[in-house]
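# Structural description and commentary
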Amino acid sequence: MEPAQPAPATSNISVRRGEPLVVIEQVEKHFGDLHVLNDINTVVNRGEVVVVIGPSGSGKSTLCRAINRLETIDSGTISIDGAHLPEEGAALAKLRADVGMVFQSFNLFAHKTVLENVTIAPIRVKKMARKAADELAMKLLERVGVANQASKMPAQLSGGQQQRVAIARSLAMNPKLILLDEPTSALDPEMINEVLDVMIGLAKDGMTMIVVTHEMGFARKAADRVLFMADGKIVEEATPAEFFDNPQSDRAKDFLSKIL
Ligand code: ADP
Ligand code: MG
């Protein structure tokens, strides 16, 4: 089984963009008085890399969690590959299997080896035989450059290595989409690039990704589109070149002046 979708014939963006995979329409979410998602509308096409940026508290993580149904929404719709997000039950488990999620804090199972971290979902959820799961996991660990750590425990690895294991673990379910929420924010600076390089590799292989990140180099290099969020709204939606070189809103100009 191949972990990722087939590589596109060319890296030309217009060719890479396929049919809609994630369709988000009129999504609203409140936490008490806080309007955390305010009329969110966007479409992520198959094979697209969308980078979400914006100030802290603007709703980026909540949006990611809503896409994966780790968070409910008040109204609006989110569909993945044509299926509306189910509330619960087997359909929700299926959806979660289709959407990989990588968090800032790695979230590896501390008492399982690196290899077991990658095989556990294919074995338990997909009922894959152990031997096949081990082979798949080794292939994926190789792909992210940590195959030689397979028998270690997560705590024996560096942060960058752990995050690459987390990416391999999400790939093991052969997801249609991977959400990465600030995957390099908890890393020491010298480990950031090793994780970004893996993500750039996935992008080149045609994996559909939604990435919350402040790594503007990554956004410029790998993103097809940037969503800039502020106060629960998508304030700008543009190509990286358009957004970084010619931001339209005062919010975006202000944000960029602080981080660039
Ligand atoms: P970001 O990822 O852009 O920093 P978040 O989506 O994490 O923003 O949070 C957006 C806002 O929602 C913040 O003000 C945060 O404090 C608030 N928030 C997030 N989760 C909860 C929750 N479970 N209950 C109440 N408020 C929350
Ligand atoms: Mg966040």
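Summarised in this report is the structure supplied together with it. (Residues numbered from 1 in each chain as written. Chains lettered and ligands numbered in written order. Predicted model: local features only at pLDDT ≥ 70, side-chain atom pairs only at ≥ 80, totals over all residues. Heavy atoms only, no water.)

Judged by nonpolar contacts, the single largest core of 55 residues is most densely connected at I53, L141, I167 and F243. The biggest single contributor to this core is helix α7 (residues 189-204), with nine residues. Contact partners of F243, with chain neighbours within four places excluded, come to I53, V226, F228, E236, A238, A252 and L256. By size, the runner-up hydrophobic cluster in this structure holds 28 residues, among which are V22, V44, V50 and L63. (Core = buried A, V, L, I, M, F, W, Y, C linked by side-chain atoms within 4.5 Å. Buried < 20%, exposed > 50% of the residue type's maximum accessible area, 1.4 Å probe, protein only. Helix = DSSP H or I, 4+ residues; strand = E, 2+ residues; numbered from the N terminus. Contact = heavy atoms within 4.5 Å.)

Okay, the sheet that holds strand β10 (residues 233-238) next. An order of β6-β7-β8-β3-β9-β10 is seen for the six strands of this open sheet, with the pairing classed as mixed. The two strands at the open ends of the sheet, each matched to only one other strand, are β6 (99-102) and β10. On average, adjacent strands in this sheet sit at an angle of 20° to one another, irrespective of strand direction. Bridge count for strand β7 (residues 177-181) against strand β8 (residues 209-212) is four bridges, and the pairing is parallel. Within the sheet, the bridge partner assigned to L179 lies in β8 and is I210. Against the sheet, helix α6 (residues 159-171) contacts β6 and β7, and its axis sits at roughly 170° relative to β6. Helix-sheet contacts for helix α10 (residues 250-259) involve β3 (49-53), β9 (225-230) and β10, and the interaxial angle to β9 is about 100°. (Pairing = 2+ DSSP bridges. Axes fitted to C-alpha atoms, helices over the stretch in contact; angles between N-to-C directions.)

On to the site of ligand 1, then. As a matter of local geometry, ligand 1 sits amid F31, L34, V36, P55, S56, G57, S58, G59, K60, S61 and T62. G57 places a main-chain nitrogen or oxygen 2.7 Å from an oxygen atom of ligand 1. For ligand 1, an oxygen atom lies 2.7 Å from a polar atom in the side chain of K60. When ligand 1 is considered free in solution it has 560 Å² of accessible area, and contact with the protein chains removes 58% of it. Among the elements that take part in the shell around ligand 1, helix α2 (residues 60-67) stands out by supplying three residues, more than any other. Grouping the amino acids of the shell around ligand 1 by side-chain chemistry returns four nonpolar, six polar and one charged. (Near = heavy atom within 4 Å. Polar contact = N/O pair within 3.5 Å; in protein donor to acceptor, adjacent residues only side chain to side chain. Areas by Shrake-Rupley, 256 points an atom, 1.4 Å probe, with all protein chains shown as cover. Nonpolar A, V, L, I, M, F, W, Y, C, P; charged D, E, K, R; others polar.)

This brings us to the pattern of salt bridges. This model, assessed by the stated rule, comprises 14 salt bridges. Between E19 and R46 there is a salt bridge, with its nearest N and O atoms 3.4 Å apart. Of this pair, E19 sits in the loop between α1 (13-16) and β1 (20-31) while R46 is found in the loop between β2 (34-45) and β3, placing the two residues 27 residues apart along the sequence. Salt-bridge contacts for D245 lead to R220; the nearest nitrogen and oxygen are separated by 3.0 Å. (Salt bridge = Lys/Arg side-chain N within 4 Å of Asp/Glu carboxyl O.)

On to the packing of helix α5 (residues 130-143) against α6. Contact geometry of α5 with α6 gives a least axis separation of 9 Å together with a crossing angle of 135°. As judged from the angle between their axes, α5 and α6 are oblique. The interaxial crossing formed by α5 with α6 has right-handed handedness. Within the contact between the two elements, α5 uses L140, L141 and R143 and α6 uses V165, A168 and L171. Grouping the constituent residues of the contact of α5 with α6 by class yields five nonpolar, no polar and one charged. (Parallel < 35°, antiparallel > 145°, perpendicular 65-115°, else oblique. Left-handed = near helix turned anticlockwise from the far one by under 90°.)

It is worth spelling out the pairing of β9 at this point. Each regular strand displays side chains that alternate between the two surfaces of the sheet. Counting buried positions over the six residues of β9 gives six, a clear majority of the element. What you see with β9 is no split at all: R225, L227 and M229 on one side and V226, F228 and A230 on the other are buried throughout. Of the pairings in the sheet, the one linking β9 to β10 comprises five bridges and is antiparallel in character. Its bridge partner being in β10, V226 is matched across the sheet by A238. What sits between β9 and β10 in their antiparallel hairpin is a turn of two residues, with D231 showing a positive phi close to 50°.

To continue, consider the sheet that holds strand β5 (residues 83-84). Spatially, four strands are ordered β2-β1-β4-β5 in an open sheet, and the strand pairing comes out antiparallel. The strands lining the two open edges of the sheet, one partner per strand, are β2 and β5. The strands touched by α2 within the sheet are β1, β2 and β4 (75-80), with β2 carrying the most contacts at an inclination of about 60°.

Once that is clear, we can look at the packing of aromatic side chains. Evaluation of the coordinates by the stated rule reveals three aromatic pairs. When the centroid spacing of 5.5 Å and the interplanar angle of 50° are considered together, the rings of F228 and F255 count as tilted. Pair noted here: F228 is in strand β9 and F255 is in helix α10, with a separation of 27 residues, a long-range link. Each member of the pair, F228 together with F255, is buried. Ring centres of F243 and F244 lie 5.4 Å apart, and the angle between their planes is 75°; on these two criteria the pair is classed as edge-to-face. (Phe/Tyr/Trp six-rings, centres within 6.5 Å; stacked < 30°, edge-to-face > 60°.)

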